[in-house]
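What follows is the residue order along each chain.
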Amino acid sequence: MNDPRPLPFVPAPAWKREGTARLPFWLYTDEDIYQRELERLFYGPHWSYVGLSCEIPKPGDFKRTWIGERSVLIVRDPDGSVNAVENRCAHRGVQFCKEPQGNRKGFVCPYHQWSYDLKGNLLGVPYMRGIKGKGGMPQDFKREDHGLRKLRVVDYNGVIFASFDPKVPDFKEFLGPTMLKYFERVFDGRELTVLGYNRQRVPGNWKLIHENLKDCYHPGLLHTWFINFGLWRADNESLNVMDENFCHSAMVTVRNKGGKGEATEGVSSFRENMQLNDGRFLDVEDEYWWGGPSAVIHSIFPSLIVQQQINSIAMRQVIPRGPRNFDYIWTHLGFTEDTPEMTERRLTQANLFGPAGFVSGDDSEIIGMVEDNMHTDKDGEVLCELGGRDVADTDTHISETLLRGMYHYYRKIMEI
Ligand SMILES: [Fe+2]
């Protein structure tokens, strides 16, 4: 059950302005703000990404993950459904499971061996009725009142989301029709397969990675790979699209041939003479399900970004670790229908992404450089008015509309 207690919330210096064209620095550092984000966003009525159905195919298969700072287990029930429980013993709060993945008939806490079935029901309490007539639990103690905390869970076309809040809306309603269309573009029911994982801790506030992946302005400026080879740059055909609450977004682009042009003038990351020694990194094959765009970066707030960039597909899970750090877990994936050549292509192109990716390495580093200054000025503000000060879908990359949209939703839910 979600904790309904109001937070002893002391507002940080007020968000002085209307709208979201200015973002106070303290959004990225303030401990009270961070605690409220955990309660209202991660533990509130939102669906958080927790894994893929193909990661837990058999009864008893489980995977350990996180929603906010809470450790969560997803587990395949013998009846084929998926359960999600908090990794927290009902007795002393022990985070009893430390393995990332495995198979179990049930869960046993190592401290006092309280045992639970795969649904999280409490089965056994050692010495519950005492020894030699002494000790034990009170007579009115009922095991059924002390199971693991059970989460709402949904498996939508092989992608599993969970929520601590029993009042979370239906998943389709949560995404809204436009965002659902982008979700189903990748996840249309085809069987998924995991190609590998990357994990990294990034020295910045968790919101900065959502900003980064709603900021279509930077890719053609920060990333040499993108501007040189045309994968993402200012002169691409493009779209920025949101749901009606501006909670989620899709950033859409169609690659071009790259090289010199209006979009490269004065851009220091453009290297006119740069060439690849190994062409396999950009051996792109258009896929039937793309429907035009060569990349869609789909942010499902607050826990996930789905990346399809050429033939590389990844789930990028966002796990906050205090106001000034987050964990970023990449699950690179493909489809069981892929040919061996396509699997190889997806794996090769995955070198552009992940912690040391030719592209994404730049993002982690720049996020650290943003965070470096956020605590140094309580009145400091981020400027966010490219493309205007309002929020609307656009068809240009020279816009920060998706960032303004995200903070529009955020201000409403956070009540600041
Ligand atoms: Fe980037």
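For the structure itself, look to the data block above.
This text gives an overview of the structure that appears in the document. (Residues numbered from 1 in each chain as written. Predicted model: local features only at pLDDT ≥ 70, side-chain atom pairs only at ≥ 80, totals over all residues. Heavy atoms only, no water.)

1. As for unusual backbone geometry
One can expect most non-glycine residues to show negative phi and most peptide bonds to be in trans. Basically, it comes down to this: Numbering goes from the N terminus for both helices and strands, where a helix is a DSSP run of H or I of at least four residues and a strand is a run of E of at least two. A 1.4 Å probe rolled over the protein chains alone gives each residue an accessible area, and that area as a share of the maximum for its type sets the label: buried under 20%, exposed over 50%, partly exposed in between.
Here the bond from Phe301 into Pro302 is cis, since omega is 5°, no more than 30 degrees from zero. Inspection of the secondary structure puts Pro302 in the loop between strand S15 (295-300) and strand S16 (304-309). Of note, Gln113 is a non-glycine position whose phi angle comes to about 60°, a positive value. Positionally, Gln113 belongs in the loop between strand S7 (107-108) and strand S8 (115-116). The exposure class of Gln113 is exposed, given its relative accessible area of 53%. Phi at Lys132 is positive, roughly 55°, even though this residue is not glycine.

2. Observations regarding the nonpolar core
This is how it is decided: What makes a nonpolar core is a set of buried Ala, Val, Leu, Ile, Met, Phe, Trp, Tyr and Cys residues whose side-chain atoms join them at distances within 4.5 Å. Marked domain ranges trace back to an automatic or database domain assignment. The contact rule is simple, with two residues in contact once any of their heavy atoms fall within 4.5 Å.
In terms of nonpolar packing, the biggest core is built from 94 residues, with Leu27, Val159, Phe161, Phe171, Phe183, Phe187 and Met315 touching the most fellow members. With eight residues, helix H2 (residues 171-186) is the single largest residue contributor to this core. For this core, the domains that each give at least three residues are domain 1 (48-155) and domain 2 (177-414). Those residues within four positions of Leu27 in sequence are excluded, and the remaining contacts are Trp15, Ile33, Glu37, Asn205, Lys207, Tyr407, Tyr410 and Ile416. Phe96, Tyr116, Leu122 and Phe141 belong to the second-largest nonpolar core, a separate cluster that totals 17 residues.

3. Topic: the sheet that holds strand S4 (residues 70-76)
Here is the rule we go by: We treat two strands as partners when DSSP finds at least two bridges between them. The convention used is that axes are lines fitted to C-alpha atoms, helices contributing only their stretch in contact, and that angles between N-to-C directions extend from 0 to 180 degrees.
Strand order across the open sheet formed by four strands is S5-S4-S3-S6, with antiparallel pairing between neighbours. Of all strands in the sheet, those with a lone pairing partner are strand S5 (82-86) and strand S6 (101-103), marking the two edges. Recorded for the sheet is a direction-independent mean angle of 30° between the axes of neighbouring strands. Where strand S3 (residues 61-67) and S4 come together, six bridges link them in antiparallel fashion. Considered in S4, the bridge of Arg64 is made with Leu73.

4. Quick notes on empty space enclosed by the protein
Here is the rule we go by: The definitions used throughout rest on a 1 Å grid laid over the protein atoms alone, on which a cavity is an enclosed set of points accommodating a 1.4 Å probe that cannot get out and a pocket is an open set flanked by protein within 12 Å on both sides along at least five of seven lines; lining residues are those having an atom within 4 Å of a point. Grid points are joined across faces, edges and corners, and a volume is the space filled by probe spheres set on the points. The classification used treats Ala, Val, Leu, Ile, Met, Phe, Trp, Tyr, Cys and Pro as nonpolar, Asp, Glu, Lys and Arg as charged, and all other residues, Gly among them, as polar.
What the rule picks out here adds up to two cavities of 30 Å³ or more. Roughly 120 Å³ of volume is contained in the largest cavity. Lining the largest cavity are 15 residues, with Leu213, Phe226, Ile297, Arg316 and Asp363 sitting closest to its centre. When its residues are assigned to classes, the lining of the largest cavity shows eight nonpolar, five polar and two charged. Approximately 30 Å³ is the volume found for the second largest cavity. Taken together, Tyr182, Phe183, Arg185, Val186, Val296, His298, Val306 and Gln308 make up the full set of residues lining the second largest cavity. Among the secondary structure elements, those contributing two or more residues to the lining of the second largest cavity are H2, S15 and S16. For the lining of the second largest cavity, the element with the highest residue contribution is H2, accounting for four residues. Considered class by class, the residues forming the lining of the second largest cavity number five nonpolar, two polar and one charged.

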